[in-house]
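Architecture at a glance
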Amino acid sequence: MGASIRRGLALLRFTPESLPKFVASNVRCTSCHQNDGTKATSAPLTGAHARFPKYMPRSGKVISLADRVNYCVTRSLSGVALPADSREMNDILAYLAFISRDVPVGRKTAAVDGLLPMKDTLVGDTLRGRTLFTATCVICHQADGSGKSPIPALWGPRSYSIGASMARQERAASFISHNMPQSAPGSLTPQNAFDLAAYINSHSRPDSPGKEHDWSAGGAPRDVPYATTGHSAFNPPPHLLPRPTTHKTDGDR
Ligand code: HEC
Ligand code: HEC
């Protein structure tokens, strides 16, 4: 069990290096789920094992924790879903169960799961965002947003896909406002964070096939950047890019 938990943690930290057949992006699980998934302001995974199976409005059904991990693999990492019975998936689940120990099933551990909500009256401005990005973020994430491993890409072919929560302005603003710049988290105003989120999400990124079926019963949040039932795309980027190519070969599953 200990070996499986440790392998799971290694997969969260070194995702593209460890899973080249499944992930070709320059983003790892801990790029967003910081401090090995335990940081309260960056979508904590602590207790996740006790929160699933869970109804997910985006998919309109009850999903398992393995399904939820694969949503992040296919959308946040622009990758290929891990087989539910693979050793890699079992190791990730073992680690998530480990950081969920003593969390009772069905009891809320925090007011919200995921990223903390921001004031939804704020709207980002891409021009102000660009100025702030140049002054504060380029030093680590590069002017073309491509990052430099282990610093993740914020847009382009090796970043998160259009179907990721981070591609929504308010979700990205929450992450940025609480966690970035990495060297001085909390130094930006909420408006700064929306401006930066608007700038980052105005760039092209990998497509997420099937995204139009999200929220099929309606009720998509305002800032979803693609059209779904009863919702028109919010500030969509100019182009969507092909999915990054993984090293999957014929005969591999
Ligand atoms: C680009 C950012 C990003 C990356 C990379 C990412 N995630 Fe996530 N993940 C999120 C966000 C954001 C949420 C919460 C959704 C929200 O708040 O709307 C989430 C939610 C989850 C949840 C559900 C937590 C709960 O209790 O509801 C799990 C489990 C999860 N991620 C696992 C993973 C794993 C494992 C990886 C790597 C294989 C990964 N994520 C990579 C952004 C990311
Ligand atoms: C000192 C280097 C540094 C600076 C400066 C910095 N970041 Fe980051 N950023 C990181 C690292 C490293 C991560 C991955 C998190 C981790 O490993 O803990 C990250 C992760 C992110 C992510 C989530 C992962 C992804 O690919 O989407 C976003 C969004 C982000 N940064 C935006 C910004 C913005 C906006 C700024 C400027 C306000 C900024 N960062 C400044 C180092 C930096």
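Residues numbered from 1 in each chain as written. Chains lettered and ligands numbered in written order. Predicted model: local features only at pLDDT ≥ 70, side-chain atom pairs only at ≥ 80, totals over all residues. Heavy atoms only, no water.

1. What about the side chain of S161?
Worth spelling out the cut-off: Helix and strand definitions follow DSSP, with helices as H or I runs of at least four residues and strands as E runs of at least two, each counted in order from the N terminus. The classification of residues rests on relative accessible area computed with a 1.4 Å probe and restricted to protein chains. Under 20% of the type maximum is buried, over 50% is exposed, and intermediate values are partly exposed. Counted as a polar contact is a pair of N or O atoms within 3.5 Å, where, for protein atoms, one must be capable of donating a hydrogen and the other of accepting one, and residues adjacent in sequence contribute only when both atoms are in side chains.
You can see S161 is positioned in the loop between α9 (138–141) and α10 (169–179). The exposure class of S161 is buried, given its relative accessible area of 0%. A distance of 2.8 Å separates a polar side-chain atom of S161 from the backbone oxygen of R75.

2. What about the pattern of salt bridges?
Rules: What counts as a salt bridge is simple: a side-chain nitrogen of Lys or Arg found within 4 Å of a carboxyl oxygen of Asp or Glu.
Applying the stated rule across the entire model yields eleven salt bridges. Note that R168 is salt-bridged to D223, the shortest N-O span being 2.8 Å. One end of the pair, R168, is in the loop between α9 and α10; the other, D223, is in the loop between β3 (205–206) and β4 (240–241), and 55 residues separate them in sequence. Its relative accessible area of 14% is what places R168 among the buried residues. The network of salt bridges with common partners includes R7, R87 and D91.

3. Some points on the site of ligand 2
Basically, it comes down to this: Near, as used in this document, describes a residue that has one of its heavy atoms within 4 Å of the molecule or strand being considered.
Around ligand 2, 23 residues are found, and the nearest of them are C137, C140, H141, A153 and M180. In the environment of ligand 2, a nitrogen atom lies 2.8 Å from a nitrogen or oxygen atom belonging to the side chain of H141. With respect to ligand 2, the side chain of Q182 contributes an N or O atom lying 3.1 Å from an oxygen atom. Among the elements of the structure, α3 (29–32), α9, α10 and α11 (190–200) are those that each provide at least two residues to the shell around ligand 2.

4. Brief notes about the site of ligand 1
The condition that has to hold: For this classification, Asp, Glu, Lys and Arg are treated as charged, while Ala, Val, Leu, Ile, Met, Phe, Trp, Tyr, Cys and Pro are nonpolar and the rest, including Gly, are polar. Note that the domain bounds reflect an automated or database-derived domain assignment.
Around ligand 1 lies a shell of 25 residues, among which C29, C32, H33, R51 and C72 are the nearest. One of the side-chain N or O atoms of R171 is found 3.0 Å from an oxygen atom in ligand 1. Elements represented by at least two residues in the shell around ligand 1 include exactly α3, α5 (48–51) and α6 (65–76). Here the residues of the shell around ligand 1 are counted per class, giving 16 nonpolar, four polar and five charged. Viewed by domain, the shell around ligand 1 spans two of them, domain 1 (2–98) and domain 2 (126–241), each represented by three or more residues.

5. Quick notes on the coordination of the iron atom of ligand 2
For clarity, the threshold we go by: For Na, K and Ca the donor cut-off is 3.2 Å, and for all other metals it is 2.8 Å, counting N, O and S atoms only; because water is absent from this set, sites may look incomplete. When four donors show all angles between 85 and 135 degrees the site is tetrahedral, when four or six donors have opposite pairs over 155 degrees and all other angles between 65 and 115 it is square planar or octahedral respectively, and in every other case it is irregular.
Listed as protein donors to the iron atom of ligand 2 are H141 (NE2) and M180 (SD); their distances from the metal cover 2.0 to 2.3 Å. Each of the six donor atoms around the iron atom of ligand 2 contributes to a set of angles spanning 86 to 179°, which defines the coordination as octahedral. Separated by 39 residues along the polypeptide, H141 in helix α9 and M180 in the loop between α10 and α11 bring together distant segments of the chain. You'll find H141 and M180 in the same group, each marked buried.

6. Considerations on the coordination of the iron atom of ligand 1
Coordination of the iron atom of ligand 1 by the protein comes from H33 (NE2) and C72 (SG), over a distance range of 2.0 to 2.3 Å. Between the six donor atoms coordinating the iron atom of ligand 1, the angles at the centre fall across 88 to 179°, so the site counts as octahedral. With H33 in the loop between α3 and α4 (34–37) and C72 in helix α6, this residue pair connects regions lying 39 residues apart in the sequence.

7. Remarks on the domain arrangement of the protein chain
Here is the rule: Note on contacts: a residue pair is in contact if any heavy atoms of the two residues lie within 4.5 Å. Values labelled buried area give the accessible surface lost by two parts on being combined, using a 1.4 Å probe and summing over both.
Segmentation of the protein chain into domains returns domain 1 (2–98) and domain 2 (126–241). For domain 1 and domain 2, the distance between their C-alpha centres works out to 20 Å. Contact with domain 1, which involves 18 residues of that partner, is made by 27 residues of domain 2. Counting the surface lost from both domain 1 and domain 2, the interface buries some 1700 Å², and carbon and sulfur atoms represent 42% of this. On the domain 1 side of the contact with domain 2, N26, R58 and R75 bury the most area, a combined 40% of that side's loss. The interface formed by domain 1 and domain 2 contains one salt bridge. The shortest N-O distance in the salt bridge between D214 and R75 comes to 2.9 Å. Breaking the side of domain 1 that touches domain 2 down by element, the ones donating at least two residues are α3 and α6.

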